[in-house]
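Observations on the model geometry
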Amino acid sequence: MLIAAELDSGASMTIVTPEKAPLELFGKAASEKVAALLRDHNVETVLETAPAEYRDSALVTTDGRRIETDLAVTVPTLTGHLIPGLPYDEQGFIPVDDFGQIDQHSREFAAGDVTSFPVKFGGLATEQADVVAAAIAAAAWAAPAPEPFKPVYHGTLLTADGPVDLGPGAGGSEPYAWDPAEKVQGKYLTPFLKAADPAALGAEE
Ligand SMILES: Cc1cc2nc3c(=O)[nH]c(=O)nc-3n(C[C@H](O)[C@H](O)[C@H](O)COP(=O)(O)OP(=O)(O)OC[C@H]3O[C@@H](n4cnc5c(N)ncnc54)[C@H](O)[C@@H]3O)c2cc1C
């Protein structure tokens, strides 16, 4: 949308995505909000397919469609780092259950981007880490049984008209506070970062 706002008249932009709806993982309210914003910015969406190749001035999708275009831009494919001794999926990420426990391993846990959970987001990494901490405490000290990981998506979309909140309850009228410390939404991390002295954390001037 930021690019679309800069385009010369006559130029157009299309997003090709395997999703059923734009940003569908964020839930219905956020997805509908994004779909409306894309329409407002004249960004067309081609859903439930994926780019296969760029050939003869066209993006060819996996279901055989040809989208005539002067330029195609792709986002990178994410792959994990293989850690010897731990299992990994086809993309190289560690498969975990809803408690962050590594499949088939009784004493190892993982949280964050390294896991097979498909959304790589700092806030979600902190939520996974909270679940893992509770699961380890339950196993080690008979602490209360942990709640399974139920991701809560917090996100802000930057548009030419300003930031748009895609967090829980998106679609409501709550204004979103745009604070760098809130870029990663974590129960403990966000207040820690808000109260932190950047220099004490090793940040450069
Ligand atoms: C450009 C960019 C912008 C982003 N913006 C946001 C945002 O605004 N909000 C948000 O919520 N998320 C954002 N993210 C995503 C967020 O950064 C990640 O989801 C988050 O950092 C994941 O945390 P993690 O602890 O799982 O992994 P990481 O932060 O990657 O931490 C893993 C650490 O392990 C270290 N490591 C790796 N291998 C080894 C090893 N063998 N031995 C020892 N150490 C090792 C790495 O050096 C690294 O320090 C952004 C990501 C990028 C790339």
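In this section: the overall build of the protein. Looking only at helices and strands, the protein has four helices and seven strands in total. A buried classification covers 28% of the 205 residues belonging to the protein. Of all intrachain contacts in the protein linking residues separated by at least 6 positions in sequence, the fraction that spans at least 24 positions is 38%. In the structure as shown, the protein presents an accessible area of about 13600 Å², 56% of it carried by carbon and sulfur atoms.

Let us look at the pattern of salt bridges. The tally for this structure, following the rule as stated, stands at four salt bridges. The salt bridge partner of Lys-28 is Glu-32, with a shortest N-O separation of 3.1 Å. Of the two residues, Lys-28 and Glu-32 are both situated in helix α2 (residues 28–40); the distance of four residues between them amounts to about one turn of the helix. Its relative accessible area of 63% is what places Lys-28 among the exposed residues. One salt bridge in this structure joins Glu-68 and Arg-66, with 3.1 Å as the shortest N-O distance.

What follows concerns the packing of aromatic side chains. Following the criterion strictly, the structure yields three aromatic pairs and no others. On the basis of an interplanar angle of 45 degrees and a centroid distance of 5.2 Å, the ring pair of Phe-26 and Tyr-153 is categorised as tilted. With Phe-26 in the loop between β1 (13–17) and α2 and Tyr-153 in the loop between α3 (122–141) and β6 (156–159), the pair connects residues that are 127 residues apart, well separated along the chain. The class of Phe-26 is buried, set by a relative accessible area of 18%. On the basis of an interplanar angle of 75 degrees and a centroid distance of 5.1 Å, the ring pair of Phe-117 and Phe-149 is categorised as edge-to-face. In this pair, Phe-117 is assigned in the loop between β5 (66–68) and α3 and Phe-149 in the loop between α3 and β6, connecting sequence segments 32 residues apart. One exposure class covers both Phe-117 and Phe-149, and it is buried.

Attention now goes to the sheet that holds strand β4 (residues 58–61). Reading across the sheet, the three strands line up as β3-β4-β5 and stay open at both edges, with antiparallel pairing between neighbours. Each edge of the open sheet is held by one strand with a lone partner, namely β3 (51–55) and β5. This sheet shows a mean twist of 25 degrees between the axes of neighbouring strands, independent of strand direction. The pairing of β3 with β4 spans four bridges and is classified as antiparallel. Counterpart to Pro-51 in the pairing with β4 is Thr-61.

Right, let's talk about the site of the ligand for a bit. Taken together, Gly-112, Asp-113, Lys-120, Phe-121, Gly-122, Gly-123, Ala-125, Lys-183 and Val-184 make up the full set of residues adjacent to the ligand. Gly-123 is positioned such that a nitrogen or oxygen atom in its backbone is 3.2 Å from an oxygen atom of the ligand. Considering the ligand on its own, with 1000 Å² of exposed area, one finds that the protein chains cover 29% of that surface. Partitioning the shell around the ligand into residue classes produces three nonpolar, three polar and three charged.

For α3, spanning 20 residues, the distance from its first C-alpha to its last is 28 Å, which sits close to the expected 28 Å at 1.5 Å a residue. For α3, every residue scored as buried is listed here: Gly-123, Leu-124, Thr-126, Glu-127, Gln-128, Val-131, Val-132, Ala-135 and Ala-137. Buried-residue contacts for α3 involve α4 (189–195). Positive backbone phi, approximately 55 degrees, marks Ala-142, located one or two places after α3.

Here the protein is partitioned into domain 1 (2–75) and domain 2 (79–143). Computed from C-alpha atoms alone, the centre-to-centre distance between domain 1 and domain 2 is 32 Å.

This part is about α2. The terminal C-alpha atoms of α2, which comprises 13 residues, lie 18 Å apart, in line with the 18 Å expected from a rise of 1.5 Å per residue. Listing the buried residues of α2 in full gives Ala-30, Ser-31, Val-34, Ala-35, Leu-37 and Leu-38. The arc that holds every buried residue of α2, seen down its axis, measures 165 degrees, which confines them to one face. Exposed side of α2, more than 90 degrees from the buried face: Lys-28, Arg-39 and Asp-40 are the residues found there. Buried residues along α2 sit against β1, β2 (43–47), β6 and β7 (162–165). Backbone geometry just after α2 places Asn-42 at a positive phi near 55 degrees.

Calculation criteria
Just so you know, the residues in each chain are numbered from 1, in the order the chain's sequence is written. Reporting in this predicted model follows two pLDDT cut-offs: at least 70 for local features of residues, and 80 or more for side-chain atom pairs to be given and counted; totals over whole chains, interfaces and linings ignore these cut-offs and use all residues. Note that the side-chain values use all heavy atoms of the structure and ignore hydrogens as well as water. Only DSSP runs of H or I covering at least 4 residues are called helices, and only runs of E covering at least 2 are called strands; the numbering of each starts at the N terminus. Note on exposure labels: buried denotes an accessible area under 20% of the residue type's maximum, exposed denotes more than 50%, and partly exposed covers the range between, all computed with a 1.4 Å probe on protein chains only. Residue contacts are counted whenever heavy atoms from the two residues lie within 4.5 Å of one another. Here the Shrake-Rupley method, with its probe set to 1.4 Å, supplies the accessible areas, and only the displayed protein chains count as covering residues. A side-chain nitrogen of Lys or Arg and a carboxyl oxygen of Asp or Glu constitute a salt bridge if their distance falls within 4 Å. Any two rings among Phe, Tyr and Trp, with Trp reduced to its six-membered ring, count as a pair given centres within 6.5 Å; such a pair is stacked if its planes are under 30 degrees apart, edge-to-face if over 60, and tilted if neither. Two strands qualify as a pair provided DSSP detects at least 2 bridges between them. Axis lines are fitted through C-alpha atoms, for helices just across the contact stretch, and the angle between N-to-C directions can take any value from 0 to 180 degrees. Summary of the distance rule: residues count as near a molecule or strand when at least one heavy atom falls within 4 Å of that molecule or strand. Whenever a nitrogen or oxygen atom comes within 3.5 Å of another N or O atom, the pair is scored as a polar contact, on the condition that within protein one atom can donate a hydrogen and the other can accept it, and that pairs from neighbouring residues in sequence are kept only if both atoms are in side chains. Each residue receives one of three labels: charged for Asp, Glu, Lys and Arg, nonpolar for Ala, Val, Leu, Ile, Met, Phe, Trp, Tyr, Cys and Pro, and polar for the others, Gly being one of them. A helix is expected to span 1.5 Å multiplied by its residue count minus one. These domain limits were set by an automatic method or by a database of domain assignments. This arc is built from the directions going out from the helix axis to the C-beta atoms.

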